[in-house]
Amino acid sequence: MRQTVINLEESKIREVANAGMGRSDVLPFWFGESDEVTPDFIREAAIASLQKGETFYAHNLGLPELREAVSAYTSKLHGPVGAERIAITSGGVNALMLACQAIVDAGDEVIAVTPVWPNLPAQARIMDAKLRTVCLTPRNGAWQLDLQRLLDAITPATRLLIVNAPNNPTGWTLSRDEQQAILAHCRKTGTWILADEVYERLYYEPTPNDCAPSFLDVAQPDDRLVIAHSFSKSFLMTGWRLGWLVMPPSMTHHMGKLIEFNTSCASVFTQRAAVEAIRRTDEVTPRVVAHLKACRDTLVPLLQALPQVEVTPAKGGMYAFFKLSGHGEDSLALAKRLVAEAGIGLAPGNAFAPEAQGWLRWCFASKDVSRLRQGVDRLGSWLAR
């Protein structure tokens, strides 16, 4: 077996979850998903597909009608994006891995902006890349980008820049000006950009198109830019494992070959469900975003009222990322203690970057907002003890 795979670090998030899964006395906020089930009409579309007997292989790049639907959806948000630039993937994480496989050779330099979901830097390591990180800087509970430090780090030797915004776990979001500066610099250095924008619709600042700034807003179709997306978050479809990529048109055919050698294709019945999800987006996403904003605005003030807690409201995503001071152990040990002693399941900050030691991620995507209040009560009681 490859030593690179043997050396992969297990997910610290999973490690905490494994310590508390199955315990009825633990409130789980560790994973990045809502506890609300996928809407009926999306599930019914999948059931109808199965009842029709659609249990066979599909095109590597996805059903033509789904690629067209994703094209129309993306174009409405960001201007024209043709279906010839779209590939349907078996989940957002599969989209990210495919992009890495398509771009990165062993020994290539890859830069990732951190803190970030650990799967992203792990994918570069799996490809035997030389991974470097540029960490955001926390100021009064909010994480911010030192743009010049990032630009200075990107040189002609940098094959790929990986950036996730809105960011998991911090909620940090790139501005349009920052995206333009990064894109212009990467054009000069010949660096590819892999932008994980799966949280773009889970954005709480006022914008004309109800989503976060995207690199698609400032890029040309032939730029060295690949965007990864997922149906998981804003369509409540985490378990369906369906995502998509937007890429330069010259890349799409080759991506189809790569999908063939990974998963062959996404299942037809899940794609039928996704067509219905996109067709009825306005019945799902605005409601999800409004509810998540209410969850955020419930949780964050309660956390801010606790001693030893430093947190600010996230602009995007579904997480409160907060610093808990006064505890000497690392974030992983702290998260395990909170499971065992307080009955709260949170993700440890050092799962996302070494610099996030002492921080914890709380997923506030809760159908029942009272669960958030209950969780804060448990945390407050634990701190008081």
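Residues numbered from 1 in each chain as written. Predicted model: local features only at pLDDT ≥ 70, side-chain atom pairs only at ≥ 80, totals over all residues. Heavy atoms only, no water.

Here helix α5 (residues 92–103) spans 17 Å end to end across 12 residues, near enough to the 16 Å set by a 1.5 Å rise per residue. Across the 12 residues that make up α5, a large majority, nine, are buried. Of all the residues in α5, the buried ones are G92, N94, A95, L96, M97, L98, A99, C100 and I103. (Helix = DSSP H or I, 4+ residues; strand = E, 2+ residues; numbered from the N terminus. Expected span 1.5 Å × (residues − 1). Buried < 20%, exposed > 50% of the residue type's maximum accessible area, 1.4 Å probe, protein only.)

Another aspect to go through is the side chain of T252. When you line up the elements, T252 lands in helix α9 (residues 249–260). With residues near it in sequence (within four places) discarded, T252 still touches L61, R67, E84, R85, I86 and M247. (Contact = heavy atoms within 4.5 Å.)

Where α5 contacts helix α6 (residues 119–126), the two axes come as close as 10 Å, and the packing angle between them is 35°. In terms of crossing hand, the pair formed by α5 and α6 is right-handed. Judged by residue contacts, V93, L96, M97 and C100 of α5 engage N119, L120, Q123, A124 and I126 from α6. In the contact of α5 with α6, the residues fall into seven nonpolar, two polar and no charged. (Axes fitted to C-alpha atoms, helices over the stretch in contact; angles between N-to-C directions. Left-handed = near helix turned anticlockwise from the far one by under 90°. Nonpolar A, V, L, I, M, F, W, Y, C, P; charged D, E, K, R; others polar.)

Moving on to the sheet that holds strand β10 (residues 243–246). Across the sheet, which stays open at both edges, the seven strands sit in the order β2-β10-β9-β8-β7-β3-β4 with mixed pairing between neighbours. The sheet is open, and its two borders are formed by β2 (86–89) and β4 (130–135), each paired with just one other strand. Neighbour to neighbour, the strand axes of the sheet diverge by 20° on average, direction disregarded. Looking at chain direction, strand β3 (residues 109–114) and strand β7 (residues 158–164) are connected through four bridges and run parallel. Note that in β7 the partner of A112 across the bridge is I162. Running at roughly 15° to β2, α9 makes contact with β2, β8 (192–196), β9 (225–230) and β10 of the sheet. (Pairing = 2+ DSSP bridges.)

As a further point, take the pattern of salt bridges. All told, the structure shown has 19 salt bridges when counted by the stated rule. K12 is the salt-bridge partner of E9, the closest N and O atoms lying 2.2 Å from each other. The exposed category is assigned to E9, whose relative accessible area is 59%. In this structure, E54 engages K52 in a salt bridge whose closest nitrogen and oxygen atoms are separated by 4.0 Å. Here the residues in one salt-bridge network are K52, E54, E65 and R272, joined through shared partners. (Salt bridge = Lys/Arg side-chain N within 4 Å of Asp/Glu carboxyl O.)

What follows concerns unusual backbone geometry. Of note, the amide linkage connecting T114 to P115 takes the cis form, showing an omega dihedral of 0°. In this fold, P115 is placed in the loop between β3 and α6. Its identity is not glycine, yet S264 carries a phi of approximately 70°, on the positive side. Tracing the backbone through its elements, the reader meets S264 in the loop between α9 and α10 (268–279).

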